[in-house]
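Listed below are the residues making up each chain.
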Amino acid sequence: LKRSSTLKDALDKDRLRAVFGKLAPYKDGETVKPAYQADGQKTLLVETDLSAWNNIRMSWEETVCYAYKSRRIYRLPTIPQDPRSDPRVVFGRHLNLFSYYDERSFKMVIPSLLDSDPTPQKGLEYPEVSVFEREPKDYTAPNLIYKGGREHLNLRAL
C-alpha cells in the first residue's frame, strides 16, 4: 500500500511540474494548451494574508495546485496594503502574481480570474477548515473563498 501511494504521489508531482513548467513566457502569437479544463464555472480564491513576498508567492503557487487538482478557475487574490506588510508589497509597488509570472502566458495555461472580477456563477461558500482537512475538490459550491487575516489562521496552507 505504501509503495502505490508513493508512486501516485510521484505521478501527481510530475503532473504539477508539467503545469508550472508551461508558465515560462511565450512569444507574441505563440499559444499553448491549457494545463486543465475547469469543471464548469467553479472558482477558488484563497485570500492573501499580511506576509513577506516569498510567502505570498508560494501560497499563490500552492493555491494554483489546488485549483488544478479540483478543476476550479483560480482567482488571483489581491495583496493587502498595510504598513506592517513586507516593504516589497507596499509603498506604491503593487505586486501581484504577474510581477513574477508573465500574465499572458499564465492565463493561457491556468484558467484564472482576478478576485476583483465578477464570479461566473452566484453562490459563495467560505470553508471553515483548511485545505488539508477538506480539499477544494470535495466542495460542490460554485465559488470557494478561504478567508485571510489573523482571525482565519486555521485556514492557512502556509
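Residues numbered from 1 in each chain as written. Predicted model: local features only at pLDDT ≥ 70, side-chain atom pairs only at ≥ 80, totals over all residues. Heavy atoms only, no water.

## A few points about the overall build of the protein chain
Here is step 1 of the chain: A tally of regular secondary structure across the protein chain gives three helices and five strands.
Here is step 2 of the chain: Expressed as a percentage of the 158 residues in the protein chain, the buried residues total 37%.
Here is step 3 of the chain: Residue pairs at least 24 apart in sequence account for 70% of intrachain contacts in the protein chain once pairs closer than 6 positions are excluded. (Helix = DSSP H or I, 4+ residues; strand = E, 2+ residues; numbered from the N terminus. Buried < 20%, exposed > 50% of the residue type's maximum accessible area, 1.4 Å probe, protein only. Contact = heavy atoms within 4.5 Å.)

## Here's the deal with the nonpolar core
Here is step 1 of the chain: Counting residues in hydrophobic clusters, the biggest one holds 26 residues, and the most contacted among them are Leu44, Trp60, Tyr74, Leu97, Phe106, Ile110 and Tyr146.
Here is step 2 of the chain: When contributions to this core are tallied by element, the ones reaching two or more residues are strand E1 (43-46), helix H2 (53-70), strand E2 (73-76), helix H3 (103-109) and strand E5 (143-146).
Here is step 3 of the chain: No other element matches H2, which puts seven residues into this core. (Core = buried A, V, L, I, M, F, W, Y, C linked by side-chain atoms within 4.5 Å.)

## Points about the sheet that holds E5
Here is step 1 of the chain: With parallel pairing, five strands are arranged side by side in an open sheet as E3-E2-E1-E5-E4. Only two strands of the sheet have a single neighbouring strand rather than two, namely strand E3 (112-114) and strand E4 (124-125).
Here is step 2 of the chain: Those strands touched by H2 are E1 and E2, and its axis lies near 160° from that of E2. (Pairing = 2+ DSSP bridges. Axes fitted to C-alpha atoms, helices over the stretch in contact; angles between N-to-C directions.)

## Section: the confidence of the model for the protein chain
Here is step 1 of the chain: On average, residues of the protein chain score 80 in pLDDT, and 75% of them reach the 70 mark or higher.
Here is step 2 of the chain: Mean pLDDT across the elements of the protein chain bottoms out in helix H1 (residues 2-21) (64) and peaks in E2 (93). (pLDDT = per-residue confidence, 0-100.)

## Examining the packing of aromatic side chains
Here is step 1 of the chain: This model, assessed by the stated rule, comprises three aromatic pairs.
Here is step 2 of the chain: An angle of 40° between the planes, with centres 6.1 Å apart, marks the rings of Tyr101 and Phe106 as tilted. One exposure class covers both Tyr101 and Phe106, and it is buried.
Here is step 3 of the chain: An aromatic cluster is built from Tyr74, Tyr101 and Phe106, whose rings are joined through pairwise contacts.
Here is step 4 of the chain: In this structure, Arg71 packs its charged tip against the face of Tyr68, placed 4.8 Å from the ring centre.
Here is step 5 of the chain: Lying over the aromatic face of Tyr139, Arg134 brings its terminal NZ or CZ to 3.8 Å of the ring centre. (Phe/Tyr/Trp six-rings, centres within 6.5 Å; stacked < 30°, edge-to-face > 60°. Lys NZ or Arg CZ within 6 Å of the ring centre and 35° of its normal.)

## Let's talk about the pattern of salt bridges
Two side chains with opposite charge may pair up if their charged atoms get near one another.
Here is step 1 of the chain: Applying the stated criterion across every chain, the model contains five salt bridges.
Here is step 2 of the chain: Across the pair Glu103 and Lys107 runs a salt bridge, and its minimum N-O distance is 2.9 Å. On the criterion of helical spacing, the pair formed by Glu103 and Lys107 is a turn pair, its members being four residues apart in helix H3.
Here is step 3 of the chain: Using a relative accessible area of 36% as the deciding quantity, one classes Glu103 as partly exposed. (Salt bridge = Lys/Arg side-chain N within 4 Å of Asp/Glu carboxyl O.)

## Considering the side chain of Ser70
Here is step 1 of the chain: Relative to the helices and strands, Ser70 is located in helix H2.
Here is step 2 of the chain: For Ser70, a relative accessible area of 11% gives the class buried.
Here is step 3 of the chain: From its side chain, Ser70 meets the backbone oxygen of Tyr66 in a polar contact 2.7 Å long.
Here is step 4 of the chain: Filtering out sequence-adjacent residues up to four positions away, Ser70 remains in contact with Pro136 and Lys137. (Polar contact = N/O pair within 3.5 Å; in protein donor to acceptor, adjacent residues only side chain to side chain.)

## Overview of the environment of Met108
Here is step 1 of the chain: Turning to its location among the elements, Met108 is positioned in helix H3.
Here is step 2 of the chain: Overall, the relative accessible area of 18% leaves Met108 in the buried class.
Here is step 3 of the chain: Considering only alpha carbons, one finds Met108 and Pro34, 74 residues apart in sequence, at a separation of 5.8 Å.
Here is step 4 of the chain: In this structure Met108 touches Tyr26, Glu30, Thr31, Val32, Lys33 and Pro34, once residues within four positions along its chain are discounted.

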